[in-house]
Protein chains: 2
Amino acid sequence: MSENDIDLLAINTIRTLSIDAVQQAKSGHPGTPMALAPLVYTLWNRVMRFDPKDPIWPNRDRFVLSNGHASMLLWSVLHLTGTMAVNAEYEILGKPSVTLDDIRHFRQLESKAPGHPEYHLVSGVETTTGPLGQGIATSVGMAIARKWLGSRYNRSGFEVFDYNIYAVCGDGCLMEGVGSEAASLAGHLGLDDLCWIYDNNHISIEGSTRIAFTEDVAARFLGYHWNVLRVGDANDLERIEDALAVFRKTKGRPTLIILDSHIGYGSPNKIDTAAAHGEPLGEDEIRLAKRAYGWPEDAKFLVPDGVREHFDDGIGRRGAEARSRWEQLFETYRSQFADLATEIDQMQRRELPQGWDRNLPSFKADPKGIAGRDASGEVLNQLAQNIPWFLGGSADLAPSNKTRLKFEGAGDFEATTPEGRNLHFGVREHAMAAIVNGLSLSKLRAFGATFFIFSDYARPAIRLSAMMELPTIFVFTHDAMGNGEDGPTHQPVEQLVSMRAIPGLVVLRPGDANEVTEAYRYILQLRHQPAVLALTRQALPTFDRSKYASAAGLARGAYVMADSPGGPPQVILIGSGSEVPLVVDAYETLTKEGIRARVVSMPSWDIFEHQPQAYRDSVFPPDIKARVAVEQGSVLGWDRYVGATGQIIGMKTFGGSAPLKELQRKFGFEPERIVAAAKEVLAQK
Amino acid sequence: MSENDIDLLAINTIRTLSIDAVQQAKSGHPGTPMALAPLVYTLWNRVMRFDPKDPIWPNRDRFVLSNGHASMLLWSVLHLTGTMAVNAEYEILGKPSVTLDDIRHFRQLESKAPGHPEYHLVSGVETTTGPLGQGIATSVGMAIARKWLGSRYNRSGFEVFDYNIYAVCGDGCLMEGVGSEAASLAGHLGLDDLCWIYDNNHISIEGSTRIAFTEDVAARFLGYHWNVLRVGDANDLERIEDALAVFRKTKGRPTLIILDSHIGYGSPNKIDTAAAHGEPLGEDEIRLAKRAYGWPEDAKFLVPDGVREHFDDGIGRRGAEARSRWEQLFETYRSQFADLATEIDQMQRRELPQGWDRNLPSFKADPKGIAGRDASGEVLNQLAQNIPWFLGGSADLAPSNKTRLKFEGAGDFEATTPEGRNLHFGVREHAMAAIVNGLSLSKLRAFGATFFIFSDYARPAIRLSAMMELPTIFVFTHDAMGNGEDGPTHQPVEQLVSMRAIPGLVVLRPGDANEVTEAYRYILQLRHQPAVLALTRQALPTFDRSKYASAAGLARGAYVMADSPGGPPQVILIGSGSEVPLVVDAYETLTKEGIRARVVSMPSWDIFEHQPQAYRDSVFPPDIKARVAVEQGSVLGWDRYVGATGQIIGMKTFGGSAPLKELQRKFGFEPERIVAAAKEVLAQK
């Protein structure tokens, strides 16, 4: 078989596997795999440095399918290349990631070929994609990580990190704001290891892109300072290869390749139509398409002889050689730079270095206290000194979030200083969160910061963080009404419960500076969960922990901070964050008046819910039904802890523009109000 | 006083009012008002057609301060122009919107000069701004409305709508993705009544824009097909006026004016620094700045003689004349086009036309039934025929959302067909929601649609809709796990509770086709609240309402759909949306087994919470504690209705990629599971 013939055979295998899988599933997206099979084939079999035998080799090229609905492209190549499965502990298993049987069960329960690429589920998937724009934005995080890793770990003669990042996207990704944010930042940072390939097929779900998307994409990306190339025929492997070669030679700019393609290529009746996008072709059209490909019309899920071997001989051989060379290099590197090699090893396994928590600040009792954001800043600075691969930044609010890493050598991450630990995301919260995901997928320990209210801008990426089970960190300051005078547009109300509702996301709202330290201690030890920290702008008293229980109780989500002496409590007062001091005040008053109250500091619902029933009952004894919860956020959800007879002092409206003290008075966040509520629930009993 | 002198006096009045107000409040943003006072002065006093005596005159020019932190610009001009207050019923009151006393109490409780522009609070504010990017994106909605209104209502010789929309923004708005989405669409639609003025001051909160924002903005906007102009000196009134004149002459493209400015202009030590952005200048620096302006150094909140008169003589006189001419024109128009004039009147008062709900579909009992989205499509098409100014569209999912208006003449809204009722937003959910806000602020009745999962992309704009108390409509289909095979990236879990937590937002999840009709009937009558409809992709049975209670019960949020005969219920089964049929199935089984169950259909928590206690107790009698709630969404919040002894069949994890039936089985959404839960809660009692 000639070189051309086997190329086409491999490409048409991807196409027909995709067509057959969608038809079998009775749902899915055949058109884009039919169009982009030549691109994906060229990238994988001719260009990418990826060893299917070790899909987590640190210096592999990354492939991101941002138009995740075309997942059959990925399942096809993962299957045909024989990419191996890896478990959650980063061990390579003796079985393939995606079997032909998985593909036959595309989009079915338990199949390793789900509807969209899912990182935590299928080995070889570099990031979960599907919500448009997320993949390309995440790829910018991967490209930042690549620069940072190269800068920190490469040594003369030892380019241990020199991989490239490829992301494929459609018009949807380029229309989504998160994609624009990420593209602007990537251009600013000159991320020349990053290549996006835009599937320019002129078709969106509602029809031609002429109805809503007529911008000059090339002009826009030139404005972002990208290198822009165009390939006029998605079936021309040589021109695709040329463009990818130009990308690899281009320094100082990321590359966008605009690839003119035909959705549903090969289908005589559906090519270039929206009908090819999101539904099976139908048996008749499948026959016609297969005929057009010169394929046996009745064959289903056919992988012709020679195709797997051709991938073995292409990406397989090339990848194995590259990894082998790299491993030899790394052994010498290890002998010369033992500490750096150890760092790389630990990082890859998501382990923390020895002494990661040394010198974490412990705060002395102080009635005046310190703001959550300030305490956080101190902890962050210590953590970043203890953990070399800990880095992050803010969406243009670092001076307000107090997230700047200030120690010597921390520096700014910029095109000319890729060793910097402070990222400047600009006013781009959504891209920031996706980039933090990309950094984390690259095994860095990364945080992003903004005002809590603007977490709304970043939600889709935070959700993916939780779904991918990534240990990302989101530092959200100015929580509750801390943004006083800025008014309701800047004051979170529903954000806390909205974050708590994201499955797997750890949400923490510490009540004083020592709870902030404990919160970070807890978060840093997470390996498979993202965390959100909601922190105050204003100073909170630092509690005397010889009088009140240790802040280490935070690790259980909620803990008894204080109990009146002389018998079991009559009433339980629950608070989180900035309301804990108010609750403690109320407790002191009640105690003086002879009412036995308990204070529960409850920084995290989700951690608490994962404690054994016995512990939960010890904090909230079921027979003590007089309860008051106090939180400057939506009341929604607190019923679970106060029951039908309790009271919730929370928010049911938006806030207001005034100094915080006045807002607290207006909305009832005062000790007197809590005391009154406690008496009311007691009287009711 | 020469023309130049009085201009400068007026400009420096805006500057010093801003400086003094921020200093007095001890918080705020003085730098941008100091820089942009000449622009705002020129726009208002020389260019804009706006009558301070009637700030809701339909044909006024619109001014949007997208960089809302510079709110003192707006409070200054609203005060100096003597703009009148208007109430929620659109009546002009005999008092000014913003008094000098309000400005003295800038950012204080009850002041009409809050931290950021708030639409529902201060007359003369066209839209609430502050979260960056929202203002400019909303302005695109206003510009779409302008085209649509002109197209429908203008007649030869009767240009009743020919206003312009001006939006001022900073680098933050241009970095935010929502701004990019909106700009791309505005260029596509050729919205030539829209002018954005970009305050190019090179400063962001973290320092120079060089650290994160170096894109070529002009190139980007040329790529979007905008007209791009540059004014090199923000103090040059003539060049500003020239640029605005070029805008007004430019056809077929929106205009971006890049205005080079100096943040903190006049402050010798803070000009061009991030320090001028977000904090008071300080008394010493204020003196120096006032000296630079030739201002009395000790004067506070000074409005020199002649300044108010100068505004009266400028915008006041021009605006009054324009409005008077328009009113004369409109009287003649009314005599010739009575029906159209009536429409305009009704629309402006947010009234519905006679017969707005005629022929709304009523669905016959049908066990096979119809999907929520399909029922919605039928209702939408009828409503749009009944209400001429009802329009909307989808973020590239109209065929899936079933939101297309198909009746004759509905058409597409495009540059060449501005009369169209179907908007194509492209894959731009966030801009869509902001644009829907802009349409609603322009008094159109507008809806936006996408999959429920992608509501996450649009949250910040939906939040503003609620805060502005706008009667917008968001149609979110494929709720719960309806997106079956697409998998967890496409399946909402936490979205329902997250929406319910937004204050003032009406969230409805109808349980069959007739509840869909009732939901729209309820929503359409809202005048001050936005609504979210969560609809199924899959068919739901249409209930026999002679057997079960009428779907009109939806208007109370939750209602008893069925009760077993023979005594009060032993157990209450609660469901919403696609789970109502499962609950009804379970009820029938329990009834057969002699267990007295009640079915509560609960399409809306928030509507229910606003019912009198007696009604709520009649639906959920406090003494009936055996309760089961069933909803394919986060369990969070349901404790309120099932209590400590109830059960919640809901989601605690993300979904999966499989056919819906299999997912329902896997996650326990089956009648058998509900029956078992009912028996468990009963046994527990």
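Residues numbered from 1 in each chain as written. Chains lettered and ligands numbered in written order. Predicted model: local features only at pLDDT ≥ 70, side-chain atom pairs only at ≥ 80, totals over all residues. Heavy atoms only, no water.

## Let's talk about the relation of the copies chain B and chain A
- When chain B is fitted to chain A, the best match, at an RMSD of 0.0 Å, comes from turning it 180° and sliding it 0.0 Å along the axis. Considering both components of the superposition, the chain copies are consistent with a two-fold axis. Scanning chain B for the C-alpha nearest the rotation axis identifies Gly 177 of chain B, at a separation of 1.7 Å.
- Mapped onto chain A, 100% of the interface residues of chain B again fall at the interface, so both copies present the same surface. (Least-squares fit on C-alpha atoms with pLDDT ≥ 70 in both. Contact = heavy atoms within 4.5 Å.)

## A word on the UniProt feature "domain: Transketolase-like pyrimidine-binding" (unreviewed entry) in chain A
- Feature annotation in UniProt places "domain: Transketolase-like pyrimidine-binding" (unreviewed entry) on residues 370-542 of chain A, given in this structure's numbering.
- With 37% helix and 19% strand, residues 370-542 of chain A has end C-alpha atoms that lie 7 Å from one another. (UniProt positions renumbered as here; feature names shortened; annotations may be inferred. Helix = DSSP H or I, 4+ residues; strand = E, 2+ residues; numbered from the N terminus.)

## Brief notes about the packing of aromatic side chains
Residues and elements named next belong to chain B.
- Applying the stated criterion across every chain, the model contains 60 aromatic pairs over all chains.
- A ring pair is formed by Phe 390 and Phe 447, whose centres lie 5.6 Å apart and whose planes are at 35°; its orientation type is tilted. With Phe 390 in strand S11 (residues 390-394) and Phe 447 in strand S13 (residues 445-451), the pair connects residues that are 57 residues apart, well separated along the chain.
- The exposure class of Phe 390 is buried, given its relative accessible area of 0%. (Phe/Tyr/Trp six-rings, centres within 6.5 Å; stacked < 30°, edge-to-face > 60°. Buried < 20%, exposed > 50% of the residue type's maximum accessible area, 1.4 Å probe, protein only.)

## Quick look at the pairing of S13 of chain B
All names here are of chain B.
- Taken across its seven residues, S13 has seven buried, putting it largely inside the fold.
- Bridge count between S11 and S13: five bridges; the pairing is parallel. Of the residues in S13, the one forming a bridge with Ser 394 is Ala 449.
- Pairing geometry for S13 and strand S14 (residues 473-477), over five bridges, is parallel. Residue pairing across strands places Phe 451 opposite Thr 477, the latter belonging to S14.
- Assessed by its sense of winding, the connection that carries the chain from S13 through helix H16 (residues 455-468) to S14 is right-handed. (Pairing = 2+ DSSP bridges. Right-handed = clockwise from strand over helix to strand, strands pointing away.)

## Side note on the nonpolar core
- In terms of nonpolar packing, the biggest core is built from 308 residues, with Tyr 153 and Trp 196 of chain A together with Trp 44, Trp 75, Tyr 153, Trp 196 and Ile 197 of chain B touching the most fellow members.
- Sequence-distant contacts of Trp 196 of chain B, defined by excluding residues within four places in its chain, comprise Ile 136, Ser 139, Val 140, Ala 167, Leu 174, Gly 179, Ala 183, Phe 221, Trp 226, Thr 255, Leu 256 and Ile 257 of chain B.
- Ala 551 of chain A together with Tyr 548, Val 584 and Val 599 of chain B belong to the second-largest nonpolar core, a separate cluster that totals 106 residues. (Core = buried A, V, L, I, M, F, W, Y, C linked by side-chain atoms within 4.5 Å.)

## So, the pattern of salt bridges
Residues and elements named next belong to chain B.
- Counted by the stated rule, this structure contains 91 salt bridges over all chains.
- Arg 334 is the salt-bridge partner of Asp 345, the closest N and O atoms lying 2.6 Å from each other. Remark: Arg 334 occurs in helix H11 (residues 307-336) and Asp 345 occurs in helix H12 (residues 338-348); sequence separation between them is 11 residues.
- For Arg 334, a relative accessible area of 28% corresponds to the partly exposed category.
- Residues Glu 609 and Arg 640 are paired through a salt bridge, measuring 2.9 Å at the closest nitrogen-oxygen approach. (Salt bridge = Lys/Arg side-chain N within 4 Å of Asp/Glu carboxyl O.)

## Looking at helix H2 (residues 31-47) of chain A
Residue and element names in this part refer to chain A.
- Between its terminal C-alpha atoms H2 stretches 24 Å, which fits the 24 Å expected from 17 residues at 1.5 Å a residue.
- At Ala 37, H2 shows its maximal bend, which comes to roughly 50°, and the proline Pro 38 appears one to four places after that position.
- The element H2 is largely enclosed, with a buried count of 17 among its 17 residues. (Expected span 1.5 Å × (residues − 1). Bend = angle between axes of the 7 residues up to and from the residue.)

## Things to note about the environment of Thr 403 of chain B
Residues and elements named next belong to chain B.
- Following the sequence through the fold, Thr 403 ends up in the loop between helix H14 (398-401) and strand S12 (422-424).
- Taking the C-alpha atoms as reference points, Thr 403 and Ala 558, 155 residues apart in sequence, are found 26 Å from one another.
- The residues touching Thr 403, leaving out its near neighbours within four places in the chain, are Leu 380, Ser 394, Ala 398, Asn 422, Phe 447, Ala 449 and Val 475.

## With respect to the interface of chain B and chain A
- Residue-level contacts link 97 residues of chain B with 97 residues of chain A.
- Note on chain B versus chain A: buried area summed over both sides is about 7,700 Å², and carbon and sulfur give 57% of it.
- It is Glu 206, Tyr 457 and Arg 463 of chain B that lose the most area in chain B upon contact with chain A, and together they represent 10% of the buried surface on that side.
- If you look at where chain B meets chain A, you find eight salt bridges.
- Note that Asp 456 of chain A is salt-bridged to Arg 459 of chain B, the shortest N-O span being 3.6 Å.
- Taken together, the connections running from chain B to chain A amount to 49 residue pairs in polar contact (both at pLDDT 80 or more).
- The residue inventory of the side of chain B that touches chain A, partitioned by class, reads 40 nonpolar, 31 polar and 26 charged. (Buried area = accessible area lost by both parts, 1.4 Å probe. Polar contact = N/O pair within 3.5 Å; in protein donor to acceptor, adjacent residues only side chain to side chain. Nonpolar A, V, L, I, M, F, W, Y, C, P; charged D, E, K, R; others polar.)

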